[in-house]
Structures are given as structure tokens and as C-alpha cells.
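Fold and geometry: a report
As a plain string of letters, each chain reads:
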Amino acid sequence: MSAAAPRRSSARPGSPVRTMAAKTERTFIAIKPDGVQRGLIGEIVKRFEQKGFRLVAMKFLQASEDLLKEHYIDLKDRPFYPGLVKYMSSGPVAAMVWEGLNVVKTGRVMLGETNPADSKPGTIRGDLCIEVGRNIIHGSDSVDSANKEISLWFKPEELVSYKSCAQDWIYE
């Protein structure tokens, strides 16, 4: 990640200057085959962009079973694991890395609950899907899992570091 240079703020003299870079993190977001087939990639990207997060990597791919088995390794003992891997390998996915202040937590809020029936209107799942088995999107649930998932899906050289021209209009 690129660290932003400290900026002057409107804070009182002597008070600490807050910079966005100090708490910037990355998260892994994947639009699942149902979201891709329904043409929702643009809508989902739009929501993250409008929130103010920065896209630092994106690829469109047919994920291999090996990649998906590794990605969902923590669920391997669950009865739905084989079906999940089969489903996720049934069509293309859009894998992305987003960066910003508290992006993991905020991204999870934007996604809504795993079960769309429990999701609030205004969330991606609350607005765009009905059943848990077709909940259109995956998002990292912690910074540690985000780092693991990002390194699984992307090579370091595929992550782009840049300062958005809108950064100063999003962060104080």
C-alpha cells in the first residue's frame, strides 16, 4: 500500500493530524457466478466506488476447483462445502481488491447478511438477491482473512497503488 503524505488539517494547533493512510486496509470482494450471470458487476463496483473506496485490483476468471477449495478451506468440514465449491466453479467470477479506511468492516455492512432474507434494504444482498445459496457476493470477514484471500487470488504485482484524485474529498 502506498502511504499518503501527512497533510495539514483544520484541527486546532497542537492536536494530532489524522491521516487516512494510518488506518487504510484492503479487502477481497468476489462477485459469484450468480452475480456475474445476472449482470450485476457494474452495480456492485458502482456501490464501492460511490462509497469512496479505491479499486486496486480486479480480474474476471473461471476459478479452478483447487483455488476454491483453498479459498473455502475453513468450511471443508461443513456439509455444504462440496456443493459450494462446485457452484463457485460453475461460472466466471469477478475478483477484486478494494482499499480504504475500515474497508473490511464497511464492506461487510454494504454486502448485508449471508442470508439475504436477513439483510436490510440498501445492502447489496438486501436489494439484489433472495436465497442464501445465491447471495451473489463474497467479502472478507477480517483483515487477516482479507490478506490471505488477496494473496491467494492475486500476485503482488497485480495490485496497483495510486492516490485517487478524489482522496482529499473523501478523507479529511
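A brief structural summary. What you see is a predicted model, and the numbers here were worked out from it, not measured in a lab.

For the rest of this paragraph, the subject is the packing of aromatic side chains. This model, assessed by the stated rule, comprises three aromatic pairs. Ring centres of F48 and F53 lie 6.4 Å apart, and the angle between their planes is 40 degrees; on these two criteria the pair is classed as tilted. F53 matches F48 in its accessibility class, with the two residues each being buried. Aromatic pair F48 and W98: ring centres 5.2 Å apart, planes at 25 degrees, arrangement stacked. One end of the pair, F48, is in helix 2 (residues 41-51); the other, W98, is in strand 3 (residues 93-101), with 50 residues separating them in the sequence. What makes W98 buried here is its relative accessible area of 0%. Through successive ring pairs, a cluster of aromatic residues spans F48, F53 and W98. Between the NZ or CZ atom of R134 and the centre of the ring of Y87, over which it lies, the distance is 4.0 Å.

Most of strand 1 (residues 24-31) sits inside the fold, with eight of its eight residues counted as buried. Looking at chain direction, strand 1 and strand 3 are connected through eight bridges and run antiparallel. Bridge assignment links I29 to a residue of strand 3, and that residue is M96. The pairing of strand 1 with strand 4 (residues 137-139) spans three bridges and is classified as antiparallel. In the sheet register, I29 faces strand 4, and the bridge partner there is G139.

Here we come to the sheet that holds strand 2 (residues 54-61). The strand order across the open sheet formed by four strands is 2-3-1-4, and the pairing between neighbours is antiparallel. Strand pairing shows two members of the sheet lacking a second neighbour, strand 2 and strand 4, which therefore form its edges. Neighbour-to-neighbour, the strand axes of the sheet open up by a mean angle of 20 degrees, direction not taken into account. Those strands touched by helix 5 (residues 103-111) are strand 1, strand 3 and strand 4, and its axis lies near 30 degrees from that of strand 1. Sheet contacts for helix 7 (residues 143-153): strand 1, strand 2, strand 3 and strand 4; angle to strand 1, the most-contacted strand, approximately 60 degrees.

Thresholds applied
- Residue indices begin from 1 for each chain and proceed along its sequence in written order.
- Given that the model is predicted, a residue must reach a pLDDT of at least 70 before its local features are reported, and side-chain atom pairs must reach 80 or more before they are shown or counted; all residues, however, enter totals for whole chains, interfaces and linings.
- To obtain the side-chain values, all non-hydrogen atoms of the structure were included, while hydrogens and water were left out.
- Pairing of aromatic side chains here covers Phe, Tyr and the six-membered ring of Trp, requires ring centres within 6.5 Å, and sorts the geometry by plane angle: under 30 degrees stacked, over 60 edge-to-face, intermediate tilted.
- Each residue gets one of three labels from its accessible area relative to the maximum for its type: buried under 20%, exposed over 50%, partly exposed in between, using a 1.4 Å probe on protein chains only.
- Note on conventions: DSSP H or I runs of at least 4 residues are helices, E runs of at least 2 residues are strands, and numbering of each starts at the N terminus.
- Here, over-ring charges are defined by two tests on the NZ atom of lysine or the CZ atom of arginine: distance to the ring centre within 6 Å, and angle to the ring normal within 35 degrees.
- Here a strand pair is declared whenever DSSP counts at least two bridges between the two strands.
- Each axis is a line fitted through C-alpha atoms, taken for helices only over the stretch in contact, and angles between the N-to-C directions span 0 to 180 degrees.
- What makes two residues a contact is simply this: any of their non-hydrogen atoms within 4.5 Å.

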